[in-house]
Protein chains: 2
Amino acid sequence: MRATTIHAAGDIRVEEVPDPVIKKPTDAIVKVTAGCICGSDLWPYRGENPIRSGATIGHECIGIVEEVGSEVRDFKAGDYVVVPFCHCDNTCANCQAGAQSACVNLGMTASGQAEYARVNQADGSLVATGGTPPDDLLASVLALTDVMPTGWHAAVCAGVRKGGTAVVVGDGAVGLCGVLAASVMGAEKIIAMSRHESRQEIARAFGATHVVAARGKDGIAEVREITDGIGVDAALECVGTDEAMKTAIGVTRPGGGVGFVGVPHGVELPIRTLFERNIGLRGGIAPVRRYLPELLALVQDRTIDPGKVFDLTLPLEEAPEGYRAMDERRAIKVMLQP
Amino acid sequence: MRATTIHAAGDIRVEEVPDPVIKKPTDAIVKVTAGCICGSDLWPYRGENPIRSGATIGHECIGIVEEVGSEVRDFKAGDYVVVPFCHCDNTCANCQAGAQSACVNLGMTASGQAEYARVNQADGSLVATGGTPPDDLLASVLALTDVMPTGWHAAVCAGVRKGGTAVVVGDGAVGLCGVLAASVMGAEKIIAMSRHESRQEIARAFGATHVVAARGKDGIAEVREITDGIGVDAALECVGTDEAMKTAIGVTRPGGGVGFVGVPHGVELPIRTLFERNIGLRGGIAPVRRYLPELLALVQDRTIDPGKVFDLTLPLEEAPEGYRAMDERRAIKVMLQP
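Keep in mind the model is a prediction, meaning the values are calculated, not measured. (Residues numbered from 1 in each chain as written. Chains lettered and ligands numbered in written order. Predicted model: local features only at pLDDT ≥ 70, side-chain atom pairs only at ≥ 80, totals over all residues. Heavy atoms only, no water.)

Caption draft 1: Fine view of the overall build of chain A. Regarding its fold elements, chain A presents 12 helices and 18 strands. Relative to the compact-globule value of 20 Å for 338 residues, chain A shows a C-alpha radius of gyration of 19 Å, a close match. Taken over 338 residues, chain A has a buried fraction of 60%. Sequence separation of at least 24 residues holds for 69% of the intrachain contacts in chain A that already meet a minimum separation of 6. Where the 32 positive side-chain charges of chain A centre and where its 42 negative ones centre are 5 Å apart. (Helix = DSSP H or I, 4+ residues; strand = E, 2+ residues; numbered from the N terminus. Rg over C-alpha atoms; globule rule 2.2 N^0.38 Å. Buried < 20%, exposed > 50% of the residue type's maximum accessible area, 1.4 Å probe, protein only. Contact = heavy atoms within 4.5 Å. Lys, Arg positive; Asp, Glu negative; His and termini not counted. Charge placed at Lys NZ, Arg CZ, Asp CG, Glu CD.)

Right, here's the structure in full:
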């Protein structure tokens, strides 16, 4: 099949690789109808994560079941499905506790930017859409494989509540989905920290009541001013850098919470500050499957439209240009169509 | 008045110092009937915190109101009161959000091991006992000034829930109160990590269902075995060292929570582990006033008896011996009677 591969920092190719095959009786093979590039794919692209040269890359896709293993009961060839980027059995103790991203049978989509992808634990992981999504919902359904549930997880972890205040640090696709999540959860003031006009626009469309363009100390001061000098109840850290974490903690009120979903790179947690201000911290890899049914329903009844984060759609063969566009922040999020 | 003072690491004295006086109209002076030594007093005693030579020490006491400032409305001379170690107005935005330990008018008891103590924000801070406590409740009422609400805060922050599992790291007075808190909150399995027989005994009396004496990796392995290999829902970190924090995180299941109330000394948080296992972290200085009414009621109806943590009572003049006994772990917690 044709698949996107990474060979070194900055070296993305689309080339012929072996088709994925059923390896375990709980696996399924999905023919990808749409995949996309994740902000976290930029870590190896920028040389900040180790790379296995020639490996396929991409963990977000939707598509049609092509083949299932002998133990798969709930899906069959022809079913249109959402593939959560982390696969789970949805039955183990961790899954039952809502930590599907720590399932004892955890798997990951390894070729989401390709023609086919293998799904481990198909019954536990996949969610059927009930047929081919209408054209105008396709992007939003694709956003359910990672960014929307990840933004949602940030909001859950931060403790966003009806009538409360929230700030979102990071204006990437996940951060924007965090704004949308906080809005659905009923936060009264939602402050998006963003310097880019096109992203600010989407943040506003997603429910941001305020936009703060300043960063660091100035940004923190502005958020405090908006919140009567107190800080926010809930901060969503959607970047993963030390600066973003420090900002999130800096804007949070005593007794408030920080939800973090940016993969931490070089983050040092200021435990004394957390202690002195009783600020809670919770986050991690989103348990996508846990949120998927609820979020799919919100997409299908058109309550939310996370697909707005896709501002560039390319044929699969142009994946290298998609990476460049995201790396240079010319695009928020890129859809790839095989 | 006679008061306990600290002059250098290991140098505790009882000497004559000026009586505290009303400085602000919201202050009150309390004649101390009983005070005590806190595990956190051992930090300066051991030279691990800076010391102002000759300063009074001690932040836990109960007693009788001696005098009130002109703006104090709810208390008068003669009222028997519990003095939370951190004083608050109980009306500001932080107090209303349950973060009384970050009150905008925060104060601290500065001479709890003495004959008199000043309380800032008397109306917001003090809780009346409704008369002199019966002799057999005195120690438990005294425990409400800090250790019991702090153990309770650890349990709240860790997310202890009915039917869940909890581990308590630290067998000091706060840790033991954490066991008691987890028990009141209905945890089904409560694992106390303790190597000292007398402390294990109190832990069991407070509701511990299991005791683990091993530390580090072995201790973590034992806790995992008790919890079917999964780890606990809630871990209470009641020490403040890096080892204790690593143990607390190590025994917590994916999606579980760590509540930390030990004043952090040299703790480095492993953010990648927290991220990969979606472990929440919340803690800090206990908002004592928030919990006081509920805990006082539990003491007065004899549901809880946190006073069991006092295993040595000395006259105030023998405070130096009290410090030695706690430092050498000959005593769990020492009551001082002026």
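Caption draft 2: Helix α5 (residues 147-158) of chain B, seen in detail. All names here are of chain B. The first and last C-alpha atoms of α5 sit 16 Å apart over 12 residues, in line with the 16 Å expected at 1.5 Å per residue. The buried fraction of α5 is high, at 11 of 12 residues. Those residues of α5 not exposed but buried are V147, M148, P149, T150, G151, W152, H153, A154, A155, C157 and A158. Where α5 ends, the next residue or the one after it, G159, has phi of about 80 degrees, a positive value. (Expected span 1.5 Å × (residues − 1).)

Caption draft 3: Geometry of the state of the cysteines. Residues and elements named next belong to chain A. In this structure the tally under the stated criterion is 0 disulfides over all chains. Looking at the unpaired C238, the closest cysteine sulfur is the one in C177, lying at 9.1 Å. On the basis of relative accessible area, C238 is assigned to the buried category, the value being 12%. (Disulfide = S-S within 2.5 Å.)

Caption draft 4: Summary view of the pairing of strand β5 (residues 60-68) of chain A. Residues and elements named next belong to chain A. Pairing geometry for strand β3 (residues 28-36) and β5, over 8 bridges, is antiparallel. Bridge pairing in β5 links I29 to E67. In this sheet, strand β6 (residues 80-83) lies alongside β5 in antiparallel orientation, the contact comprising 4 bridges. Its bridge partner lying in β6, I62 is registered against V82. (Pairing = 2+ DSSP bridges.)

Caption draft 5: Structural view of the domain arrangement of chain A. Residues and elements named next belong to chain A. When the domains of chain A are assigned, the result is domain 1 (2-146 + 287-337) and domain 2 (148-283). Using C-alpha coordinates to define each centre, domain 1 is positioned 26 Å away from domain 2. Taken residue by residue, the interface counts 23 residues in domain 1 and 22 residues in domain 2. It is W43, R329 and I332 that lose the most area in domain 1 upon contact with domain 2, and together they represent 31% of the buried surface on that side. Linking domain 1 with domain 2 are 1 salt bridge. In this structure, D171 and R329 form a salt bridge, with 2.6 Å as the shortest nitrogen-oxygen distance. On the surface where domain 1 and domain 2 come into contact, there are 7 residue pairs in polar contact (both at pLDDT 80 or more). Among the elements that line the side of domain 1 that touches domain 2, the one with the most residues is helix α11 (residues 288-300), at 6 residues. (Domains from an automatic or database assignment. Buried area = accessible area lost by both parts, 1.4 Å probe. Salt bridge = Lys/Arg side-chain N within 4 Å of Asp/Glu carboxyl O. Polar contact = N/O pair within 3.5 Å; in protein donor to acceptor, adjacent residues only side chain to side chain.)

Caption draft 6: Up close: the environment of A:F206. All names here are of chain A. As for its position among the elements, F206 is in helix α7 (residues 197-206). In this structure F206 comes out as buried when scored by relative accessible area, which is 2%. Expressed as a C-alpha distance, the spacing of F206 and S183, which sit 23 residues apart in the sequence, is 7.2 Å. Each residue touching F206, except ones within four places of it in the same chain, is listed here: L176, C177, V179, L180, S183, D305, P306, K308 and V309.

Caption draft 7: Quick peek at the sheet that holds strand β4 (residues 55-56) of chain A. Residue and element names in this part refer to chain A. The antiparallel open sheet is built from 3 strands, whose spatial order is β2-β1-β4. Looking at strand neighbours, the two that pair on one side only are β2 (11-16) and β4, the edges of this open sheet. The pairing of strand β1 (residues 2-8) with β2 spans 6 bridges and is antiparallel. Residue pairing in the sheet places T5 in a bridge with R13 of β2. Packing against the sheet, helix α12 (residues 319-327) makes contact with β1 and β2, and its axis sits at approximately 160 degrees to β2. (Axes fitted to C-alpha atoms, helices over the stretch in contact; angles between N-to-C directions.)

Caption draft 8: Focus on the pattern of salt bridges. Residue and element names in this part refer to chain A. Taken as a whole and judged by the stated rule, the model has 32 salt bridges over all chains. Here D233 and R161 are joined by a salt bridge, their closest N and O atoms 3.3 Å apart. With D233 in strand β14 (residues 232-237) and R161 in the loop between α5 (147-158) and β11 (165-169), the pair connects residues that are 72 residues apart, well separated along the chain. Looking at R161, the relative accessible area reads 46%, which means it is partly exposed. Each of E321, R324, E328 and R330 takes part in one network of salt bridges that share partners.

Caption draft 9: The arrangement of the interface of chain B and chain A in detail. Counting from both sides, the interface comprises 35 residues of chain B and, opposite them, 35 residues of chain A. Summing both partners gives a buried area of about 2900 Å² for chain B against chain A, and 61% of it is carried by carbon and sulfur. Counting the surface chain B buries against chain A, the share from its top three residues, B:I271, B:F275 and B:N278, is 25%. Inspection of the chain B/chain A interface yields 0 salt bridges. Our count for the chain B to chain A interface comes out at 19 residue pairs in polar contact (both at pLDDT 80 or more). Going through the elements one at a time, α2 (93-96), β15 (252-260), α10 (271-277) and β16 (280-283) of chain B are the ones with two or more residues in the side of chain B that touches chain A. Of all the elements, β15(B) adds the most residues to the side of chain B that touches chain A, at 6 residues. Grouping the constituent residues of the side of chain B that touches chain A by class yields 19 nonpolar, 12 polar and 4 charged. (Nonpolar A, V, L, I, M, F, W, Y, C, P; charged D, E, K, R; others polar.)

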